Amino acid sequence: MIYPWLSEFKQPLETAYSVNKLHHGILLSGQAGIGKAEFAQDIAQSILCNASSNHLQSCGQCKSCQLQQAGTHPDKLIIGQDNKTIGIDEIRKVAQFVQSSAGQNANKVVVIHNAELMTVAAQNAVLKTLEEPNHQRYLLLVSHEPMRLGATIRSRCLCYNLTINKPELVTDWLANFNLVSQPWHILFAQQPLMLLNWHEQGHLNQLDSLYITVENLHQQIDLKILNEILKNKPEYISVFSIFLFAIIKKYLIQKNIAFNNYQECIKLLGNFENSRKSILGLNVTLATSRLIFSLQAQLNN
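Here is what the cut-offs are and how they apply
- Residues numbered from 1 in each chain as written.
- Predicted model: local features only at pLDDT ≥ 70, side-chain atom pairs only at ≥ 80, totals over all residues.
- Heavy atoms only, no water.
- Salt bridge = Lys/Arg side-chain N within 4 Å of Asp/Glu carboxyl O.
- Helix = DSSP H or I, 4+ residues; strand = E, 2+ residues; numbered from the N terminus.
- Buried < 20%, exposed > 50% of the residue type's maximum accessible area, 1.4 Å probe, protein only.
- Phe/Tyr/Trp six-rings, centres within 6.5 Å; stacked < 30°, edge-to-face > 60°.
- Lys NZ or Arg CZ within 6 Å of the ring centre and 35° of its normal.
- Core = buried A, V, L, I, M, F, W, Y, C linked by side-chain atoms within 4.5 Å.
- Contact = heavy atoms within 4.5 Å.

A.B. asks: Would you take a moment to explain the pattern of salt bridges for this structure?
C.D. replies: Pairing is possible between side chains that carry opposite charge, provided their charged atoms lie close to one another. Applying the stated criterion across every chain yields a total of 8 salt bridges. Across the pair Glu215 and Lys250 runs a salt bridge, and its minimum N-O distance is 3.7 Å. Here Lys250 lies in helix H11 (residues 237-253) and Glu215 lies in helix H9 (residues 204-215), a separation of 35 residues in the sequence. Of the residues examined, Glu215 reaches a relative accessible area of 29% and is grouped as partly exposed. For Lys250, a relative accessible area of 30% puts it in the partly exposed group. Of the charged contacts, one joins Glu273 and Lys277 as a salt bridge, the two residues approaching to 3.9 Å between their closest N and O atoms. With a gap of 4 residues between them, Glu273 and Lys277 both fall in helix H12 (residues 259-278), about one helical turn apart. Taking the relative accessible area as the measure of exposure, Glu273 reaches 16% and is therefore buried. Residues joined by salt bridges that share partners form a network here, namely Glu273, Arg276 and Lys277.

A.B. asks: Sorry, what's going on with the packing of aromatic side chains here?
C.D. replies: The geometry of two aromatic rings is summed up by the distance between their centres and the angle between their planes. Inspection of the entire model under this criterion finds 13 aromatic pairs. For the ring pair Trp184 and Phe188, a centre distance of 5.9 Å and an interplane angle of 90° mean the geometry is edge-to-face. Across the pair, Phe188 and Trp184 agree in class, each one buried. Between the aromatic rings of Trp184 and Trp198, the centroid separation amounts to 6.1 Å while the plane-to-plane angle is 55°, which identifies the pairing as tilted. Of this pair, Trp184 sits in the loop between helix H7 (167-175) and helix H8 (192-201) while Trp198 sits in helix H8, and the two are 14 residues apart along the sequence. What makes Trp184 buried here is its relative accessible area of 2%. Members of the aromatic cluster, connected to one another through ring pairs, are Trp184, Phe188, Trp198, Tyr211 and Phe243. The aromatic ring of Phe97 is capped on one face by Lys108, whose charged end is 3.9 Å from the ring centroid.

A.B. asks: Hey, could you run me through the nonpolar core in this one?
C.D. replies: Most often, soluble globular proteins keep nonpolar side chains buried together rather than apart. Among the nonpolar cores identified, the biggest contains 66 residues, and Trp5, Phe39, Trp184, Leu210, Leu217, Phe240 and Leu244 are the most heavily contacted of them. In terms of residue count, the dominant contributor to this core is H11 (8 residues). For Leu244, the contacting residues outside a window of four places in its chain are Val214, Leu217, Leu269, Leu291, Ile292 and Leu295. Residues Val110, Ala115, Ile153 and Cys157 belong to the second largest nonpolar core, which totals 21 residues.

Here is the structure:
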């Protein structure tokens, strides 16, 4: 299923497919939570549908569609869904897969999720497949960090960056789930599936508390509450950084902070993010407290 805010991106692919000019390698990029995986699934299902002919639409009824719904289609290979490093052995399976005969309508499709997790050796191997394409073989790479892929891979693919150009479609869609909008939701306007996931998991109230806490950056932040939230939910640390950046930017727009102090704040936040991602065993509680104190020093300078 393609979400309504991404439906406009399918039209050019449909046009190319109708005249047998669909690119053999397509790189689907966009922020996490925008719906890339579902978009790739729809394209793959449409390519493999027995009734699609030269139309990039799946009927949902033919044997091919039924096999896909059961997850047993012999002409469809999916890797990278476990969010783990993708090694060369998995990519060798891709090469073998595209070279073998198709079992249904002559087309075969490979979907590589989280393509940025391919090792250097794996990327070199997939590049060979892209450079020597087999007829009626399609490779869909899905990534929210496409710049981690080699430049040559990107140059061999049709790069398709999925964005939300009509936010009202997202608003209408989320309204179906009784999701009450909060001011900070705008920060994730390009990631509606992430918002929905937090809503379904019952996390929004805790994230509301995190935002309210960070919003008081220029005053006195209750570090005990802040650190307790981040300790219980380490995955919120990246959201915490997004909140901080938004608050600091708002201070600049409202002229509550000088531009040079704003730059220092951004540098401090960048250093925090680099440390968080690169230092094993980082004392996050201490690092967070130091970051808050340093930011407040800049705000009060």
